[in-house]
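One letter stands for each residue in the lines below.
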Amino acid sequence: MKAFTKYLTIKTENKIEIINITEKINEALLESKIKEGLCLVNSMHITSSIFINDEEDGLKEDFQNWLEELAPYNTTKYRHSLTGEDNADAHLKRTIMGREVTMAITNARLDFGPWEQIFYGEFDGQRLKKILIKIIGE
């Protein structure tokens, strides 16, 4: 069994942003030369997320609006703000959307269903953050 590790660094233009990273994951898979196995993609920061869904601008807006309803930005609402931080909402949004995804690799390709794409969700951006890609298999 082989293992391959790659890190991506992202700095978003906006504080909240959803970015399709599928092509970057496909590039890492090609680089790994692994044909059968598993690919884990993990956001290495507590205010960002990795998730799988459809590439559609309206859906990205829906996610952002829904998350804002569930965990609105508000510096007086959360106890986390007592520490001097103003990003409690971003921590909650990350928890809702998830930390990582794992996909099967079949015949040297990500084994997706129709329309599935990999997204990086940023909820407290405009600074450098890392994404881990770990691929294992043969």
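Note that this is a predicted model, so its numbers are computed, not measured.

Undergrad: Can you help me understand the overall build of the chain in this one?
TA: Each helix and strand counted, the chain has 3 helices and 8 strands in total. In the chain, the order of α-helices and β-strands from amino to carboxyl end is β-β-α-β-β-α-α-β-β-β-β. C-alpha extents for the chain along the principal axes are approximately 50 × 30 × 20 Å. The 138 residues of the chain split such that 39% are buried. Pairs at least 24 apart in sequence give 84% of the contacts found in the chain among residues at least 6 apart. A total accessible area of about 8,000 Å² is found for the chain, and carbon and sulfur atoms account for 51% of it.

Undergrad: Sorry, what's going on with the packing of helix H2 (residues 57-70) against helix H3 (residues 88-97) here?
TA: Two quantities define a packed helix pair, namely the angle between the helix axes and the distance between the axes. Between H2 and H3, the shortest axis-to-axis distance is 10 Å and the interhelical angle comes to 120°. Here H2 is positioned oblique relative to H3, judged by the angle of their axes. Every pair of crossing elements has a handedness; the one defined by H2 and H3 is right-handed. Taken together, the residues of H3 that come into contact with H2 (itself represented by Phe63, Trp66, Leu67, Glu68 and Leu70) are Lys93, Ile96 and Met97.

Undergrad: Is there a simple way to think about the sheet that holds strand E2 (residues 17-20) in this case?
TA: Backbone hydrogen bonds hold the strands of a sheet together, and the pairing may be parallel or antiparallel. The 3 strands lie next to each other as E2-E7-E4, forming an open sheet whose pairing is antiparallel. Strands with a single pairing partner mark the edges of an open sheet, and in this sheet they are E2 and strand E4 (48-54). Shown here is a sheet whose adjacent strand axes are inclined to one another by a mean of 30°, direction ignored. Relative to strand E7 (residues 116-122), E2 runs antiparallel, the two sharing 4 bridges. By the bridge assignment for E7, Ile18 is matched with Gly121.

Definitions and limits used
- Residues numbered from 1 in each chain as written.
- Predicted model: local features only at pLDDT ≥ 70, side-chain atom pairs only at ≥ 80, totals over all residues.
- Heavy atoms only, no water.
- Helix = DSSP H or I, 4+ residues; strand = E, 2+ residues; numbered from the N terminus.
- Buried < 20%, exposed > 50% of the residue type's maximum accessible area, 1.4 Å probe, protein only.
- Contact = heavy atoms within 4.5 Å.
- Areas by Shrake-Rupley, 256 points an atom, 1.4 Å probe, with all protein chains shown as cover.
- Axes fitted to C-alpha atoms, helices over the stretch in contact; angles between N-to-C directions.
- Parallel < 35°, antiparallel > 145°, perpendicular 65-115°, else oblique.
- Left-handed = near helix turned anticlockwise from the far one by under 90°.
- Pairing = 2+ DSSP bridges.

Don't take any of this as a statement about function, it's just geometry.
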